[in-house]
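# Inside the fold
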Amino acid sequence: MTKLLMRFALIGGVVVVALPLTAQVSPTTTKAEGVRIARGPELESCNDYLTIIRWTTNNPGGSPVHYGVVHYGIKPNELSQTAKSPIRLNPDHPSTIFRVRLEGLQPGMTYYYTVESEESNRTSDGVKSATKRFTVNPQPRDASPQPACR
């Protein structure tokens, strides 16, 4: 079989060479002197199976891959659960929007959370929000529309 492929490649005048493909690498940019939360954090969407928390900071710079990080729990002083979502910074934008998914929340429970961001090497961008809270509403008994969280 190998001889047949070699003949086909030589007869057709085609040589196939396996080269490792590399992805385009975004440049590391200058770290911001101070990262601050410009807007949020706030609930973008919320229900018992998926909640998204969103906030905006000035562009933190540094490595191109960053993570939005949410620390959360059912007690304001015990934020023992963590959710992270990766993003790729755009060095040409002055601000960055972080969006983090929380999954499997319990209906009727109040959750407390803080947000922060970090580089891919886990170096914090040096900003952390105040503790905020939301409550996942219990399932409605009737078909009337009800907001999922408050």
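Described in the following lines is the structure provided in the data block. (Residues numbered from 1 in each chain as written. Predicted model: local features only at pLDDT ≥ 70, side-chain atom pairs only at ≥ 80, totals over all residues. Heavy atoms only, no water.)

Glancing now at unusual backbone geometry. Here G40 and P41 are connected by a cis peptide whose omega angle stands at 0°. Inspection of the secondary structure puts P41 in strand β1 (residues 37–46). Positive phi values are uncommon outside glycine, yet R122 reaches one of about 75°. Within the secondary structure layout, R122 lies in the loop between β6 (110–119) and β7 (124–128). (Helix = DSSP H or I, 4+ residues; strand = E, 2+ residues; numbered from the N terminus.)

Here we take up the sheet that holds strand β2 (residues 50–58). Ordered by their spatial adjacency, three strands build an open sheet running β1-β2-β5, and the pairing between neighbours is antiparallel. Where the open sheet ends on each side, the last strands, each with one partner, are β1 and β5 (95–103). Averaged over all neighbouring strand pairs, the angle between strand axes comes to 15°, with direction disregarded. (Pairing = 2+ DSSP bridges. Axes fitted to C-alpha atoms, helices over the stretch in contact; angles between N-to-C directions.)

Right, let's talk about the nonpolar core for a bit. Residues I53, V70, Y72, L102 and F134 are the most contacted members of the largest nonpolar core, which totals 18 residues. Looking at this core, the elements with two or more residues in it are β2, β3 (65–73), β4 (81–88), β5 and β6. Residues contacting V70, with those up to four places away along its chain left out, are I53, W55, Q81, T82, A83, V100, L102, Y113, T114 and V115. (Core = buried A, V, L, I, M, F, W, Y, C linked by side-chain atoms within 4.5 Å. Buried < 20%, exposed > 50% of the residue type's maximum accessible area, 1.4 Å probe, protein only. Contact = heavy atoms within 4.5 Å.)

All told, the structure shown has seven salt bridges when counted by the stated rule. Ionic pairing is found between K31 and E119, a salt bridge with its closest N-O pair at 3.2 Å. Of this pair, K31 sits in the loop between α1 (2–11) and β1 while E119 sits in strand β6, and the two are 88 residues apart along the sequence. Taking relative accessible area as the criterion, K31 reaches 34% and is therefore assigned partly exposed. For E119, a relative accessible area of 9% translates into the label buried. Across the salt bridge formed by E44 and R54, the nearest N and O atoms sit 3.0 Å from each other. (Salt bridge = Lys/Arg side-chain N within 4 Å of Asp/Glu carboxyl O.)

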